[in-house]
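So the chains spell out like this:
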Amino acid sequence: MKRQMRAVFFAILLSLIGVLTVSAEEDRTHVGDEQNIAVSRLVDEADLLTDKEENDLLETLDEISERQQCDVVIVTVEGLGGKTPEEYADDFYDYNGYGMGKDRDGVLLLISMEERDWRISTCGYGITAFTDAGIEYISEKFLPSLSDGKYARAFEKFAKLCDDFLTQAKTGEPYDVGKMPKGSVSPFWIFGDLGIGLLAAYIVACSKKQKLKSVTNKITAQDYTVDGSLMLRVNTDRFINKTVTQRRIERNTGNSSGSSSRSGGSSTHTSSSGVRHGGGGGKF
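Residues numbered from 1 in each chain as written. Predicted model: local features only at pLDDT ≥ 70, side-chain atom pairs only at ≥ 80, totals over all residues. Heavy atoms only, no water.

Peer 1: Please explain the nonpolar core as it appears in this structure.
Peer 2: Here is a general trend for soluble globular proteins: nonpolar side chains tend to be buried in one another's company. Among the nonpolar cores identified, the biggest contains 36 residues, and Phe 142, Phe 155 and Phe 158 are the most heavily contacted of them. Every element with two or more residues in this core is listed here: α2 (51-68), β4 (71-77), β5 (106-112), β6 (117-123), α5 (132-147) and α6 (151-169). Per element, the largest residue contribution to this core is 10 residues, and it comes from α6. Beyond its immediate sequence surroundings of up to four residues, Phe 155 is in contact with Leu 48, Leu 49, Leu 57, Ile 74, Thr 76, Leu 109, Ile 111 and Leu 146. (Core = buried A, V, L, I, M, F, W, Y, C linked by side-chain atoms within 4.5 Å. Buried < 20%, exposed > 50% of the residue type's maximum accessible area, 1.4 Å probe, protein only. Helix = DSSP H or I, 4+ residues; strand = E, 2+ residues; numbered from the N terminus. Contact = heavy atoms within 4.5 Å.)

Dropping the structure here:
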């Protein structure tokens, strides 16, 4: 009797474990067009990356996201299914449970190969860290590699820039209009350019020196003139024309309003699920 009770107990326990496991897996999946795809910070439905590139990139995205406490996500798809890039990116973010913390902080890069669209969707703290000007700056860095088909390199650049922008935002001054990352120059190039300049100057000086071998030094300024070569018979001044430049000085009216490109910050919109998003996009 005791053995039967134990068997029943263990059977019930195993059933509960199975139900909990299935429930957890369901919570971690989203429904695609034809199949369930495990939620991940890297979803390469367009198959742009090799297995090794996927593993390396996912490891990078996970490390940055956990350290910064802000999801950094990359998604590639074949097409948008009739949606705009903005709608698809926002919905993919919302309905797959991305975002960390109560404000669902994060940033998602969407790549659609059908019309070669790219779209960045930001949410929560991501809206603060990635301003309109910041998104434009980031895109200028990874789009050349993306256009050349160097997808792994483009995505690595995107991930690294996201890390830099999130770190900068924590100082209270996110990268924005008038405050963007300054490119670093290797000391090798500084000394290399200096050496090339000195060499070019030396070559030019030597060339001119060769042409001046027939010239000898004179004692006085008079020695450099030729007798009778300059004779001024009439010396007069004549007024030719007059140019006047006028400039209007604008008064400060105290109006601080303006477009986002001038005043900075992030323009936002509301997705189909009612979540506030920022972002930007284009073609590659």
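Peer 1: Before we go on, may I ask you to explain the packing of aromatic side chains in this structure?
Peer 2: Between two aromatic rings, the relevant description is the distance of the centres plus the angle of the planes. Taken as a whole and assessed by the stated rule, the structure comprises eight aromatic pairs. Taken together, a centroid distance of 6.0 Å and an interplanar angle of 45° make the contact between Tyr 93 and Tyr 98 tilted. Neither Tyr 93 nor Tyr 98 differs from the other in exposure class; each is buried. With 5.8 Å between their ring centres and 80° between their planes, Phe 142 and Phe 158 make a pair best called edge-to-face. With Phe 142 in helix α5 and Phe 158 in helix α6, this residue pair connects regions lying 16 residues apart in the sequence. Assigned by exposure class, Phe 142 and Phe 158 land together as buried. (Phe/Tyr/Trp six-rings, centres within 6.5 Å; stacked < 30°, edge-to-face > 60°.)

Peer 1: Explanation requested: the sheet that holds β6 in the structure shown.
Peer 2: Within a sheet, each strand pairs with its neighbour through backbone hydrogen bonds, oriented either parallel or antiparallel. Across the sheet, six strands lie side by side as β3-β4-β5-β6-β8-β7; this open sheet has mixed pairing. Looking at the sheet topology across the chains shown, the edges are occupied by β3 (42-44) and β7 (268-270). On average, adjacent strands in this sheet sit at an angle of 25° to one another, irrespective of strand direction. Contacts from α5 reach β5, β6 and β8 (276-283) within the one sheet, and its direction differs from that of β6 by about 145°. (Pairing = 2+ DSSP bridges. Axes fitted to C-alpha atoms, helices over the stretch in contact; angles between N-to-C directions.)

Peer 1: Honestly, the pattern of salt bridges in this entry has me stumped. Any pointers?
Peer 2: Between side chains of opposite charge, a pair can form as their charged atoms come close. All told, the structure shown has 11 salt bridges when counted by the stated rule. A salt bridge links Glu 66 to Arg 41, with the nearest nitrogen and oxygen atoms 3.0 Å apart. Taken as a pair, Glu 66 in helix α2 and Arg 41 in the loop between β2 (36-38) and β3 lie far apart in primary sequence, 25 residues in all. Classification of Glu 66 as partly exposed rests on a relative accessible area of 44%. Residues Lys 179 and Glu 173 are paired through a salt bridge, measuring 3.7 Å at the closest nitrogen-oxygen approach. Several salt bridges converge on common partners, so that one network encompasses Arg 41, Asp 62, Glu 66 and Asp 71. (Salt bridge = Lys/Arg side-chain N within 4 Å of Asp/Glu carboxyl O.)

Peer 1: Explain α2 to me, please; I cannot follow it from the model alone.
Peer 2: Residue pairs three or four apart in sequence face the same way in an α-helix, which turns once every 3.6 residues. With 18 residues, α2 extends 26 Å between its outermost C-alpha atoms, agreeing within 8% with the 26 Å of an ideal straight helix rising 1.5 Å per residue. Looking only at α2, the buried set comprises Leu 57, Leu 61, Ile 64, Ser 65 and Gln 68. Along the long axis of α2, the arc covered by the buried residues comes to 95°, so they all point the same way. Pointing more than 90 degrees away from the buried face of α2 are the exposed residues Asp 51, Lys 52, Asn 55 and Glu 59. Residues of α2 that are buried in the fold lie against β3, β4 and α6. Of the residues trailing α2, Gln 69 is marked for its positive phi of about 55°. (Expected span 1.5 Å × (residues − 1). Arc of directions from axis to C-beta.)

Function cannot be inferred from these measures alone, as they are strictly geometric.
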